[in-house]
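# Descriptive structure summary
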Amino acid sequence: IADGIQTVIPLYGEKYINEMKKSLSRYPEELALKLSERYLRFGPFDELRYRFQKEDNIIWAKDVISIYVKRLLGTLLGVNRKYMPGDFRKISYVIEKLEHKPENLYKRILELYNQSPKDIIEELFELIIDVFSIVEKYLPEFDISKKKELFLKPQKAFEEK
């Protein structure tokens with residue numbers, strides 16, 4: 001709702017809407033931290049890499065991509081002190097509002113849905129690493145060391161033979 005209020009063009013009650021917009025412009029720092037903490041959740045990437053190589057279920061792969069993209073966007077919304085949109089139907093608009101984001105984010109996300117599994121998994125890995133770097137730089141009070149360590153943790157059970 002907060003995101004909608006900030007972008008609405010009022011037909012009536014402009015004064016009231018403008019007061020609400022002004023109130024929402026003071027984005028709570030605690031919300032930035034909580035939003036980023038909630039969405040920056042990635043398990044060991046070796047397991048996902050292995051499953052992408054072995055699975056041939058394209059529906060499952062696209063679901064995984066969507067989950068990860070939503071987590072990346074949720075994290076970046078927190079870092080950028082932006083309210084979570086009601087949905088991501090207008091993803092290009094959401095991404096345009098982000099000041100701190102990986103380079104060519106929109107294009108890179110679109111390409112995730114049109115590449116081979118090997119290319120998808122490598123690009124997804126790079127996007128997540130980029131987002132970790134952005135969080136470290138622009139939200140330094142958020143200690144992501146354990147989350148990053150888990151993400152990068154080698155999984156011997158999934159090593160290629």
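This text follows the structure it describes.
Everything quoted here is computed from the prediction, not taken from an experiment.

## A closer look at the side chain of Arg108
- In this structure, Arg108 sits in helix α7 (residues 105–112).
- Overall, Arg108 belongs to the buried group, its relative accessible area being 13%.
- Within the local environment of Arg108, its side chain forms a polar contact with the side chain of Asp130, the two groups lying 2.9 Å apart.
- With residues up to four places along the chain from it excluded, the contact list for Arg108 reads Pro102, Glu103, Glu123, Glu126, Leu127 and Asp130.

## Focus on α7
- Burial in α7 covers these residues: Leu105, Arg108, Ile109 and Leu112. The buried residues of α7 occupy an angular sector of 100 degrees when the element is viewed end-on, so they sit on one face.
- If you follow the buried residues of α7, they end up packed against α5 (58–79), α6 (91–96) and α8 (117–138).

## Looking at helix α4 (residues 45–54)
- Those residues of α4 lying buried are Phe45, Leu48, Arg49 and Phe52. Looking straight down α4, one finds its buried side chains confined to an arc of 100 degrees; they lie on one side.
- Contacts made by the buried residues of α4 are with α5, α8 and α9 (145–152).

## A few points about the packing of α4 against α8
- Closest axis-to-axis distance for the α4/α8 pair is 9 Å, and the angle between their directions is 160 degrees. Considering their axes alone, α4 and α8 lie roughly antiparallel with respect to each other. Both α4 and α8 take part in a crossing whose hand is right-handed. Touching Phe45, Leu48, Arg49 and Phe52 of α4 are Pro117, Ile120, Ile121, Glu122, Leu124, Phe125 and Ile128, all from α8.
- Looking at the contact of α4 with α8, its residues break down into nine nonpolar, no polar and two charged.

## Digging into the side chain of Asn80
- Inspection of the secondary structure assignment puts Asn80 in the loop between α5 and α6.
- On the basis of relative accessibility, which here comes to 10%, the residue Asn80 falls in the buried class.
- At 2.9 Å, the side chain of Asn80 and the backbone nitrogen of Glu99 are in polar contact.
- Apart from the residues within four sequence positions on either side, Asn80 is in contact with Leu98, Glu99 and His100.

## Brief notes about the pattern of salt bridges
- Inspection of the entire model under this criterion finds eight salt bridges.
- Across the pair Glu37 and Lys34 runs a salt bridge, and its minimum N-O distance is 4.0 Å. Within this pair, Glu37 and its partner Lys34 are both found in helix α3 (residues 29–39), separated by three residues, close to a single helical turn.
- A relative accessible area of 46% means that Lys34 is categorised as partly exposed.
- Notably, a salt bridge pairs Glu111 with Lys107, separated by 3.7 Å at the nearest N-O pair.

## With respect to the packing of α8 against α9
- Between α8 and α9, whose axes approach to 11 Å, the crossing angle comes to 165 degrees. Here α9 runs roughly antiparallel to α8, going by the angle between their axes. Crossing hand, α8 versus α9: left-handed. Side by side, α8 and α9 meet where Phe125, Ile128, Ile129, Phe132 and Glu136 of the first sit next to Lys147, Lys148, Phe151 and Leu152 of the second.

What counts and what doesn't
Sequence order sets the numbering: in each chain, residues are counted from 1 along the sequence as written. Per-residue local features are limited, in this predicted model, to residues with pLDDT of at least 70; the limit for side-chain atom pairs, both in listing and counting, is 80 or more; totals at the level of whole chains, interfaces and linings are taken over all residues. Based on all heavy atoms of the structure, the side-chain values leave hydrogens and waters out of the count. Only DSSP runs of H or I covering at least 4 residues are called helices, and only runs of E covering at least 2 are called strands; the numbering of each starts at the N terminus. With a 1.4 Å probe rolled over the protein chains alone, any residue whose accessible area is under 20% of its type maximum counts as buried; one over 50% counts as exposed, and the rest are partly exposed. Side-chain atoms alone can form a polar contact between residues adjacent in sequence; in general such a contact is a pair of N or O atoms within 3.5 Å, and within protein one must be able to donate a hydrogen while the other accepts it. Residue contacts follow a heavy-atom distance rule, with two residues in contact if any of their heavy atoms lie within 4.5 Å. The arc in question is formed by the directions pointing from the helix axis toward the C-beta atoms. With axes taken as lines fitted to C-alpha atoms, and helix axes fitted only over the stretch in contact, angles between N-to-C directions fall between 0 and 180 degrees. If an angle is under 35 degrees, it is roughly parallel; if it is over 145, roughly antiparallel; if it lies from 65 to 115, roughly perpendicular; otherwise it is oblique. The sense of a crossing depends on the near helix, which, turned anticlockwise from the far helix by less than a right angle, makes the crossing left-handed and, turned clockwise, makes it right-handed. In the scheme used here, Gly and all other residues not listed as nonpolar or charged are polar, with Ala, Val, Leu, Ile, Met, Phe, Trp, Tyr, Cys and Pro taken as nonpolar and Asp, Glu, Lys and Arg as charged. By definition here, a salt bridge exists when the distance from a side-chain nitrogen of Lys or Arg to a carboxyl oxygen of Asp or Glu is within 4 Å.

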